[in-house]
2 protein chains.
Amino acid sequence: MTRTWNFSPGPAVLPEAVLRRAQAALWDLDGSGIGVLEHSHRGKEFMAVLARAEALVRQLAAVPDDYDVLFLQGGASSQFFMVPMNFLGGATADYCVTGVWSEKAVEEARRFGTVHVACSSAAAGHTYIPGAAETTWSTAPAYAHFTSNNTIYGTQWTGEPAVPAGVPLVCDASSDIFSRPIDVARYALIYAGAQKNLGPSGVTLVIVKKELVAKGARDLPTMLQYRTFAANQSMYNTPPTFGIYVLAEVLRWIDELGGLPAMAARNRAKADLLYAELDRSPVFKGVVRADARSQMNVTFRGRNAAEDAAFVAFATARGLSGLAGHRSVGGMRASIYNAMELGGVQALVEAMQAFAAAHA
Amino acid sequence: MTRTWNFSPGPAVLPEAVLRRAQAALWDLDGSGIGVLEHSHRGKEFMAVLARAEALVRQLAAVPDDYDVLFLQGGASSQFFMVPMNFLGGATADYCVTGVWSEKAVEEARRFGTVHVACSSAAAGHTYIPGAAETTWSTAPAYAHFTSNNTIYGTQWTGEPAVPAGVPLVCDASSDIFSRPIDVARYALIYAGAQKNLGPSGVTLVIVKKELVAKGARDLPTMLQYRTFAANQSMYNTPPTFGIYVLAEVLRWIDELGGLPAMAARNRAKADLLYAELDRSPVFKGVVRADARSQMNVTFRGRNAAEDAAFVAFATARGLSGLAGHRSVGGMRASIYNAMELGGVQALVEAMQAFAAAHA
């Protein structure tokens, strides 16, 4: 059975080895005679899955011991409010605004205090990542927040923003987590919806400094306090067991391929191949500034909107799916997360060349 | 491959036909060449899954048109606070307390107003369902809340509590939803974590009167307002796509078997078989009052704790899993949700008889 090359921005392509293992586990997890969906979350079989997921997060990202690794529900959209609800408390937080998701995070934060926009790429249609020269930090903000990769626009930070010493750094890493090594110690809290680089939708990974968890507000519903998840190994209530299972299998796959350095090399090779074609193509060109090019979401355009639509149809007919750009920006977007094989990008480049030969 | 008879209280057994379809869909959903975990939630393939899930909920429960059918995350534990956060606003709500989950719902509600305990079975160890004679309603409460089935204790309401006219009735139906016909029009809001009768953990079904949704508080984070989900067909952010897929397949299976009346007959047959054995056994007896016996979770005991432990081990050796009672109450509990086959209950009864013959 031929599978389609899936360039969907998320939920997104998963490694075939993971899908094959998940198929078997749906019927019988680890020889237990019971499928992974059907196991009690308190039973030893699922507890082993949960322990493996946490251990692999810690190992792959070299998470320091003074950080908790939590599995929540509700996606990044729930983190947009949980972070300020727990840690803002009427004070000021600094936000770097580099796209729609940062803007949504800002909206939710304003309910709980003052937002200082430290920098914004809005005036340029979010086609670049602001540098230190155009960034101003407030005095002693409760935290500083940024979005490490911008799925819609196709931009990505190459490192962390240079926050002043002592300011807790919070990152929405939903669309590039574990695509390259990450220095967790530079962060107070990292969150990521799983459905791009880590697994299916419905599970959110949170890596958070224990010191920050302890400072969170206490007059909140039990399920909205990070400490509830930290104190109960993410098992205060029934966690999304299948999502955690798939996440653990994806992490195992990353580990088997050589961990985050290997992912970085793999992703760089794919992105380089695609951006090189954009730099040479007579028809297609990249949308964002060269120094802000995302290795996860490559945005590009033909010479007009009709040509964009024609190319998406042309690519679909060749078994390349999910290439239409976000409806708010148009054009094309190739999402090439960890699990996308180099072969998929090669097939895309061939399609671009064939289309260009026919239309140039 | 022999599967174990799985009496887990949740996550719990699922129909084998559903598991087989899910295995195929993990690799390729509906001939799309892309697996169900990997499809964009905005694509036509997942939109068809979501539409099918909603249509089946509406059809099976004859949901009136003035109700929304929503798919949320966070389990019943998140509904414990979302209901009062949206609808209490400093007023009084009435709660029927029939177990641990009702008690947790009360705890969260107290953050947002006054809780009047309309009735409680706590003094009798939650071994029965309070009747109208021992229930007192407050004057014009914001809503009245009850838990239709009590997983830990093994009790179940046979119908709705007799709330005064005009009081919005809210039900946590997590552990018996769609196990029998339900008259939705009698409720303002019904919520249920999926992981007992409907599918995997990580998706929560909410059936709510549109009129109530409109009355919800507005000064809340976007993700904590029911109207966000109602206005966006549960797609404001990325929903738990796989959970919704499995739920749709479970509903299809219920429909194919004859809908909720057929489920009721099936569940009654299983429960009758097991309770009859408890009424006749020289060793085992039921824990709760006869008129409160749950058709979902059958709690029972041997003559002492050592015998209980011996029976659980005996049953496990015969391929019957998950029969230990909740750690807070001990004894045994057989969870026999929709998907448990009559054959599983027959195997359990045979094990009880064999154990009794050896130990009576």
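Residues numbered from 1 in each chain as written. Chains lettered and ligands numbered in written order. Predicted model: local features only at pLDDT ≥ 70, side-chain atom pairs only at ≥ 80, totals over all residues. Heavy atoms only, no water.

This part is about the environment of A276 of chain A. By the secondary structure assignment, A276 of chain A is in helix α8 (residues 259-280). Taking the C-alpha atoms as reference points, A276 of chain A and V349 of chain A, 73 residues apart in sequence, are found 9.6 Å from one another. (Helix = DSSP H or I, 4+ residues; strand = E, 2+ residues; numbered from the N terminus.)

This next bit is on the packing of helix α9 (residues 305-317) of chain A against helix α10 (residues 342-359) of chain A. Residue and element names in this part refer to chain A. Running from amino to carboxyl end, α9 crosses α10 at an angle of 130 degrees, the nearest separation of the two axes being 10 Å. In terms of orientation, α9 and α10 fall into the oblique class. The handedness of the crossing between α9 and α10 comes out as right-handed. Counting all contacts with α9, which are made through E307, A310, F311 and F314, the residues of α10 involved are L348, A351, M352, A354, F355 and H359. (Axes fitted to C-alpha atoms, helices over the stretch in contact; angles between N-to-C directions. Parallel < 35°, antiparallel > 145°, perpendicular 65-115°, else oblique. Left-handed = near helix turned anticlockwise from the far one by under 90°. Contact = heavy atoms within 4.5 Å.)

Buried within helix α4 (residues 100-109) of chain A we find V100, S102, A105, V106, E108 and A109 of chain A. Contacts from the buried residues of α4 of chain A go to α3 (75-87), β3 (92-97), β4 (114-120), β5 (144-147) and β6 (149-150) of chain A. (Buried < 20%, exposed > 50% of the residue type's maximum accessible area, 1.4 Å probe, protein only.)

In this section: helix α2 (residues 44-60) of chain A. Residues and elements named next belong to chain A. Its 17 residues place the ends of α2 24 Å apart at the C-alpha level, agreeing with the 24 Å of an ideal helix rising 1.5 Å per residue. Listed in full, the buried residues belonging to α2 are F46, V49, L50, A53, E54, L56, V57 and L60. Buried residues along α2 cover an arc of 160 degrees about the axis, so they all sit on one side. Along its buried surface, α2 packs onto β2 (67-72), β10 (204-209), α7 (241-257) and α8. (Expected span 1.5 Å × (residues − 1). Arc of directions from axis to C-beta.)

Looking at chain A, pLDDT values average 97 and 99% of them are 70 or higher. This prediction of the complex comes with two scores: 0.98 for pTM and 0.98 for ipTM. (pLDDT = per-residue confidence, 0-100.)

Residue and element names in this part refer to chain A. As assigned here, chain A comprises domain 1 (25-256) and domain 2 (258-359). Domain 1 and domain 2 are separated by 27 Å when their C-alpha centres are compared. In this assembly, 28 residues from domain 1 lie in contact with 27 residues from domain 2. Of the roughly 2100 Å² buried between domain 1 and domain 2 on both sides combined, carbon and sulfur atoms contribute 59%. Viewed at the interface, domain 2 and domain 1 are joined by 0 salt bridges. Remark: the boundary between domain 1 and domain 2 carries 16 residue pairs in polar contact (both at pLDDT 80 or more). Within the residue set of the side of domain 1 that touches domain 2, elements represented by two or more residues are β6, β7 (155-156) and α7. It is α7 that contributes the most residues to the side of domain 1 that touches domain 2, 4 residues altogether. Tallied by class, the residues present in the side of domain 1 that touches domain 2 amount to 12 nonpolar, 11 polar and 5 charged. (Domains from an automatic or database assignment. Buried area = accessible area lost by both parts, 1.4 Å probe. Salt bridge = Lys/Arg side-chain N within 4 Å of Asp/Glu carboxyl O. Polar contact = N/O pair within 3.5 Å; in protein donor to acceptor, adjacent residues only side chain to side chain. Nonpolar A, V, L, I, M, F, W, Y, C, P; charged D, E, K, R; others polar.)

Residues and elements named next belong to chain A. Note that Y226 resides in helix α6 (residues 226-231). In this structure, the C-alpha to C-alpha distance between Y226 and A313, residues 87 residues apart in sequence, is 45 Å. What Y226 contacts, discounting residues up to four positions off in sequence, is L70, L72, Q79, M82, V83, N86, F87, L189, V206 and V213. In this structure the side chain of Y226 is engaged in a polar contact, spanning 2.6 Å, whose partner is the side chain of Q79.

Let us now look at the relation of the copies chain B and chain A. Of the transformation superimposing chain B on chain A, the axial component is 0.0 Å and the angular component is 180 degrees, with the fit at an RMSD of 0.0 Å. When the rotation and shift are considered jointly, the pair of chain copies conforms to a two-fold rotation axis. Within chain B, Q23 of chain B has its C-alpha nearest the rotation axis, a separation of 2.4 Å. The fraction of interface residues of chain B whose copies in chain A are also interface residues reaches 98%, indicating that both copies meet through the same surface. (Least-squares fit on C-alpha atoms with pLDDT ≥ 70 in both.)

Once that is clear, we can look at the packing of aromatic side chains. The description of two aromatic rings rests on the distance between their centres and on the angle between their planes. Throughout the structure, instances matching the rule amount to 27 aromatic pairs over all chains. Ring geometry for F300 of chain A against F311 of chain A: centres 6.3 Å apart, planes inclined by 65 degrees, an arrangement best described as edge-to-face. Taken together, the residues F300 of chain A in strand β12 (residues 297-301) and F311 of chain A in helix α9 connect sequence positions 11 residues apart. Each of the two residues, F300 of chain A as well as F311 of chain A, counts as buried. Residues F87 of chain B and Y226 of chain B carry aromatic rings whose centres are separated by 5.5 Å and whose planes lie at 10 degrees to one another, so their mutual orientation is stacked. Linking F87 of chain B in helix α3 (residues 75-87) with Y226 of chain B in helix α6 (residues 226-231), this pair joins segments that are 139 residues apart in sequence. A network of ring pairs unites the aromatic residues F284, F300, F311, F314 and F355 of chain A as a single cluster. The residue whose ring lies beneath R20 of chain B is W27 of chain A, and the NZ or CZ to ring-centre distance is 3.5 Å. (Phe/Tyr/Trp six-rings, centres within 6.5 Å; stacked < 30°, edge-to-face > 60°. Lys NZ or Arg CZ within 6 Å of the ring centre and 35° of its normal.)

The subject of this paragraph is the sheet that holds strand β12 (residues 297-301) of chain B. Residues and elements named next belong to chain B. Spatial strand order, β11-β12-β14: 3 strands in an open sheet with antiparallel pairing. Each end of this open sheet is capped by a strand with a single partner; those strands are β11 (285-286) and β14 (332-335). Taken together, the 4 bridges between β12 and β14 define a ladder with antiparallel strand orientation. Opposite T299, over in β14, you have R333 as the bridge partner. (Pairing = 2+ DSSP bridges.)

What follows deals with the sheet that holds strand β8 (residues 169-172) of chain A. Residue and element names in this part refer to chain A. With mixed pairing, the 7 strands of this open sheet are ordered in space as β2-β10-β9-β8-β5-β3-β4. Strands with a single pairing partner mark the edges of an open sheet, and in this sheet they are β2 and β4. With direction set aside, neighbouring strand axes in the sheet form an average angle of 15 degrees. Pairing analysis gives 6 bridges linking β3 to β4, with the strands arranged parallel. Directly across from Y95, in β4, lies its bridge partner V117. Sheet strands in contact with α3 are β2, β3, β8, β9 (189-193) and β10, and its direction is about 155 degrees off that of β9. Set on the sheet, α4 makes contact with β3, β4, β5 and β8; between it and β3 the angle comes to about 165 degrees.

With that settled, the discussion passes to the interface of chain B and chain A. With 62 residues of chain B at the contact, the number on the chain A side is 62 residues. Together, the buried faces of chain B and chain A total about 4800 Å²; carbon and sulfur atoms form 56% of this surface. By the criterion of area lost to chain A, the three top residues of chain B are W27, L37 and E38 of chain B, representing 17% of everything that side buries. Scanning the region where chain B abuts chain A turns up 0 salt bridges. For the pair chain B and chain A, the interface holds 25 residue pairs in polar contact (both at pLDDT 80 or more). The biggest single contributor to the side of chain B that touches chain A is helix α1 (residues 16-27) of chain B, with 8 residues. Along the lines of polarity and charge, the residues of the side of chain B that touches chain A split into 25 nonpolar, 26 polar and 11 charged.

Once that is clear, we can look at unusual backbone geometry. Residue and element names in this part refer to chain A. Following G10, the chain continues to P11 via a peptide bond in cis, the omega torsion being -10 degrees. Turning to its location among the elements, P11 is positioned in the loop between β1 (5-6) and α1 (16-27). Backbone geometry places D30, a non-glycine residue, at a positive phi of 50 degrees. Summarising the element assignment, D30 is placed in the loop between α1 and α2.

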